[in-house]
Each structure stands twice: as structure tokens, then as C-alpha cells.
Amino acid sequence: MIDYRIDRGSGVPAYVQIIEQTERALRMGTLQVGDKLPTAREVVAATAINPNTVLRAYRDMEQAGLVELRRGLGTFVTRSLARPGAESDSPLRQKVADWVARARAAGLERADVLALVTAALDAYDNEHDSTTPGDRERKKENA
């Protein structure tokens, strides 16, 4: 089960934060196909946000094909976003976790770590034409 955390100072709408946290959990394998999301009532109790905000996030995720709302039963994951290398037991994930621990031990805050990772991704993408195999396939489909 996922525990949503809302950062009221981030400037990102709460429903977007719920969607992003769900997508992250799907990418990392924390949530898998068939898993049940917390009820809107549970999310409201944990985060003190408006129930309509939770329902909007769940509806948006349903429209994106990530979850299915089953009346009277709950909201269930219907699609994974996990990629090889992101599994909890993957060596790559362990290396990233080790690097994050070193960065935090060096005094870097979360925003600093995110800025470093984003800069490294941007530099890599610029150096490698910023296209992945998936990007190239989408470009072909849209052409």
C-alpha cells in the first residue's frame, strides 16, 4: 500500500502530487498490477486534503489507464510502469541508494540531490540526442 504525502509548500497541486507519487511507486515496483490504492477517505485522513482532490487524482489516473475504479470495492492498479533495473533488488537501484546515502552524508539536502540528478540527466540527454528507444518509437508513430 502507498502512503501519500502532500507538500503544501511545493506549489504543485495536491492531486498532481498524488498522481506523481503513484507513478513513482509503479515505476519502482512498490505498487503492482492488482494492488489496491487507499480509499479517498483514508487519503483524506492521512493528508487533510479535500476528498474531491483525491477523487480527481484517481479519475485522472483511471483515464490514463493506470488504475480502475470498481464501485464498492476500491481503486486497483491495472498497469505497471516498472522497467528492468528499477526493481527493489536490482544492483543499479542499490548503487543509486548508496550514492544518495553518500550525498546526504555530505550534507546535501533533498533539493540538492534532485538538482544534481536532474543536471546529470539533462547533460546525458543533450549528449545523446535526448532520445531513448521509446522516444524514437513515439516519434515514428506521430510522424
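So what's going on with the environment of T78? Which residues, and what values?
Locating T78 in the fold gives a position in the loop between β2 (74–77) and α4 (91–105). Taking the C-alpha atoms as reference points, T78 and D35, separated by 43 residues in sequence, lie 8.3 Å from one another. Separated by 3.0 Å, the side chain of T78 and the backbone oxygen of G65 make a polar contact.

Could you give me a rundown of the packing of aromatic side chains, with the residues and numbers involved?
Overall, the coordinates contain 0 aromatic pairs when judged by the stated rule. The ring of F76 carries the charged tip of R70 above its face, separated from the ring centre by 4.2 Å.

Which residues make up a nonpolar patch on the surface, and what are the values?
A cluster of nonpolar residues, L92, V96 and V100, forms a patch on the protein surface that exposes about 240 Å² of accessible area. Examined against the element boundaries, V100 turns out to sit in helix α4.

The rules behind the values
- Every chain is numbered on its own, with residues counted from 1 as its sequence reads.
- With the structure being a predicted model, the display of local features is reserved for residues of pLDDT at least 70 and the display and counting of side-chain atom pairs for 80 or more, all residues being used for whole-chain, interface and lining totals.
- Values reported for side chains reflect all heavy atoms of the structure, with hydrogen atoms and water molecules removed beforehand.
- Numbering of helices and strands runs from the N terminus; a helix is a DSSP stretch of H or I covering at least four residues, while a strand is a stretch of E covering at least two.
- Pairing of N or O atoms within 3.5 Å defines a polar contact, subject to two protein rules: one partner must be a possible hydrogen donor and the other a possible acceptor, and residues neighboring in sequence count only if both atoms are side-chain atoms.
- Only centres within 6.5 Å qualify two rings of Phe, Tyr or Trp (six-membered ring in Trp) as a pair; their planes then separate them into stacked at under 30 degrees, edge-to-face at over 60, and tilted for everything else.
- The rule is short: NZ of Lys or CZ of Arg within 6 Å of the ring centre and within 35 degrees of the ring normal puts a charge over the ring.
- The patches described consist of residues with a relative accessible area above 30% and no salt bridge, like charges being joined within 9 Å and nonpolar side chains (Val, Leu, Ile, Met, Phe, Trp, Tyr) within 5 Å.
- For the area figures, the Shrake-Rupley method with a 1.4 Å probe applies, and any residue is considered shielded solely by the protein chains shown.
- A pair is scored as a salt bridge if a Lys or Arg side-chain nitrogen falls within 4 Å of a carboxyl oxygen belonging to Asp or Glu.

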